[in-house]
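Listed below are the residues making up each chain.
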Amino acid sequence: MRIKNEKDFWSGVMFVVVGLGFAIGAAEYSLGPACQPSDPCATSLWARFMQLSAKPGAGFFPLGLGLLQAVLGAVVLFKALTIETEGGDKIGKIGWRPLFLVVLAVVAFGLALPRLGMFISLPLLIIIASLASDEFSWKGVIASCVVLTLFSWLIFIKGLNLIIPLWPVFLAAK
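One structure accompanies this document, and this report is about it. Each chain carries its own residue numbering, running from 1 in the direction its sequence is written. Restriction of local features to residues with pLDDT of at least 70 applies here, the model being predicted, together with a cutoff of 80 or more for giving and counting side-chain atom pairs; totals for whole chains, interfaces and linings are based on all residues. Remark: hydrogens and water are excluded; side-chain values derive from all non-hydrogen atoms of the structure.

**Looking at unusual backbone geometry**
Residue Asn161 is not a glycine yet carries a positive backbone phi of 55 degrees. Under the DSSP-based scheme used, a helix requires at least four consecutive residues in state H or I and a strand at least two consecutive residues in state E, with every element numbered from the N terminus. Positionally, Asn161 belongs in the segment after helix H6 (138-159). For each residue, the accessible area found with a 1.4 Å probe, counting protein chains only, is set against the maximum for its type, and the residue is called buried under 20%, exposed over 50%, and partly exposed in between. Taking the relative accessible area as the measure of exposure, Asn161 reaches 60% and is therefore exposed.

**A word on the packing of aromatic side chains**
For Phe, Tyr and Trp, where Trp contributes only its six-membered ring, two rings pair if their centres lie within 6.5 Å, and the inter-plane angle classes them as stacked under 30 degrees, edge-to-face over 60, or tilted in between. Under the definition given, this model contains three aromatic pairs. Relative to Trp138, the ring of Phe136 lies with its centre 5.1 Å away and its plane at 85 degrees, an arrangement referred to as edge-to-face. Its relative accessible area of 28% is what places Phe136 among the partly exposed residues.

**Structural notes on helix H1 (residues 6-26)**
Along its 21 residues, H1 runs 30 Å from first to last C-alpha, staying within 8% of the 30 Å computed at 1.5 Å per residue. Here H1 has its buried residues at Asp8, Phe9, Gly12, Gly19, Ala23 and Ala26. Along the axis of H1, the buried residues cluster in a sector spanning 135 degrees; they form a single face. Away from the buried face of H1 by more than 90 degrees, exposed residues Val17 and Ile24 are located. Residues of H1 that are buried in the fold lie against helix H3 (60-82). Of the residues flanking the start of H1, the one acting as N-cap is Asn5, its side-chain oxygen 3.3 Å from the backbone nitrogen of Lys7. Helix span, as expected, comes to 1.5 Å for every residue beyond the first. Summarising the geometry, the arc corresponds to the directions from the helix axis toward the C-beta atoms. Two residues qualify as a contact provided that any one of their heavy atoms is within 4.5 Å of a heavy atom in the partner residue. Here a polar contact means two N or O atoms within 3.5 Å. Within protein one must be a hydrogen donor candidate and the other an acceptor candidate, and residues neighboring in sequence count only if both atoms are side-chain atoms.

**Quick word on the side chain of Ser121**
Summarising the element assignment, Ser121 is placed in helix H5 (residues 118-130). For Ser121, a relative accessible area of 0% corresponds to the buried category. Within the local environment of Ser121, its side chain forms a polar contact with the backbone nitrogen of Leu113, the two atoms lying 3.2 Å apart. There is a polar contact of 2.8 Å between the side chain of Ser121 and the backbone oxygen of Gly117. Beyond its immediate chain neighbours, meaning those up to four positions away, Ser121 contacts Phe109, Ala112, Leu113 and Leu116.

So, in structure tokens, the structure goes:
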């Protein structure tokens, strides 16, 4: 079978591999409560799914998301193998600088969050990742920092009541 769209082909492969990787990793966690042999959910797949979605375990959401990503990748892969595009939509050169900066931003955020708190780590992530863009502007970066930090605080701290350090450890009350 001939590849008719190179970009979509490799994007599809990446989505399938990453999605299946997350699904396999999520299978290590609990999906939710187990069915007893006398429970109707033990005989019906739909009843089991409804029980799990009512009381999902730690692995339920990542498993579903990973499988959904793998299915999306399979659709993109199928399209790349069946639908002809003019010139085959070849892959250009790899943007090593943006790739490095985005990975650096995520690693810096992961290392900084426990020590510097969300109010410093999140803007740090945004600033480093924004440097990867050719359209970098301080005005846009600062606006993104303010809006994303505010919404993260509202969602994760106020909405979900997660315990995430907000300020650096040296400023924390003893």
